[in-house]
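# Examination of the molecular architecture
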Amino acid sequence: MKILNTEITSSSFQKISLIKHLAELKFEHKLLVAGFIILGAITFLNQKPEPQEIPPTEIKPESVDTFIPRGLVLIPLELANAEALGSIIGDMGGVVDLYLASDEKRSGGIIVASRVKLVRAPRNPDQFAVLVREADGRKILQKNGPFFAVVQNPDVRGANLAKENQNSVKIEYSN
């Protein structure tokens, strides 16, 4: 067989090996070949496998009742300003003062609870509840909503239920 005007036979393939061919190269070419081999080895050894992306799994909202501490109750409330609160407070809620909202039967602005934890419902973010002691919960339930919630600073501690204002009659006699 003839390739590029050179007669090639099967015996010539056996005689010429890669090592012999490299030995016949000039020193500069040997350095160049050695450099390519070293760079190829470094590249191969430094290849890191691509991180496999873990598909995001949808986390179902937890039921809030599993997080209620002992001695406390969670009371769902009807809030007159729920939409405004939804844009102000975070996903878990905040610390608020509760006031009675005014309606046809009563005047509003009467404080019901002070510095109580307002919790947003995980399954319906438009619904809210307050976390209070059991004894205080009964007092809140005696008042009919809707309520207004006023956001407070969460760094200040201590929750208090408002004391009932008892209208007392004072009679003064003068001569």
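Take helix α5 (residues 134–142) next. D136, G137 and I140 are the residues of α5 that are buried. Around the axis of α5, the buried residues are gathered within 105° of arc, so they sit on the same side. The outward face of α5, more than 90 degrees from its buried face, is lined by the exposed residues R138, L141 and Q142.

A few words now on the environment of I75. Take I75: it is sitting in strand β3 (residues 72–77). Under the relative-accessibility criterion, I75 is labelled buried at 6%. Once the C-alpha coordinates of I75 and V132 are considered, the two residues, 57 residues apart in sequence, prove to be 7.8 Å apart. Every residue in contact with I75, bar those within four places of it in the chain, is listed here: F128, A129, V130, V132, G137, I140 and L141.

With that settled, the discussion passes to the pattern of salt bridges. Side-chain pairs of opposite charge can arise where the charged atoms are in close proximity. Taken as a whole and assessed by the stated rule, the structure comprises one salt bridge. The partner of R133 in a salt bridge is D136, and the shortest N-O contact between them spans 2.8 Å. Since its relative accessible area comes to 46%, R133 is described here as partly exposed. By relative accessible area, D136 is classed as buried at 10%.

A separate point is the pairing of strand β4 (residues 93–100). Across the eight residues that make up β4, a large majority, seven, are buried. For β4 and strand β5 (residues 111–120), the ladder comprises six bridges, and the chain directions are antiparallel. Residue pairing across strands places Y99 opposite I111, the latter belonging to β5. Here five bridges tie β4 to strand β7 (residues 147–151), and the two strands are oriented antiparallel to one another. Pairing of L100 across the sheet is with F147, part of β7.

Definitions and limits used
Residues numbered from 1 in each chain as written. Predicted model: local features only at pLDDT ≥ 70, side-chain atom pairs only at ≥ 80, totals over all residues. Heavy atoms only, no water. Buried < 20%, exposed > 50% of the residue type's maximum accessible area, 1.4 Å probe, protein only. Helix = DSSP H or I, 4+ residues; strand = E, 2+ residues; numbered from the N terminus. Arc of directions from axis to C-beta. Contact = heavy atoms within 4.5 Å. Salt bridge = Lys/Arg side-chain N within 4 Å of Asp/Glu carboxyl O. Pairing = 2+ DSSP bridges.

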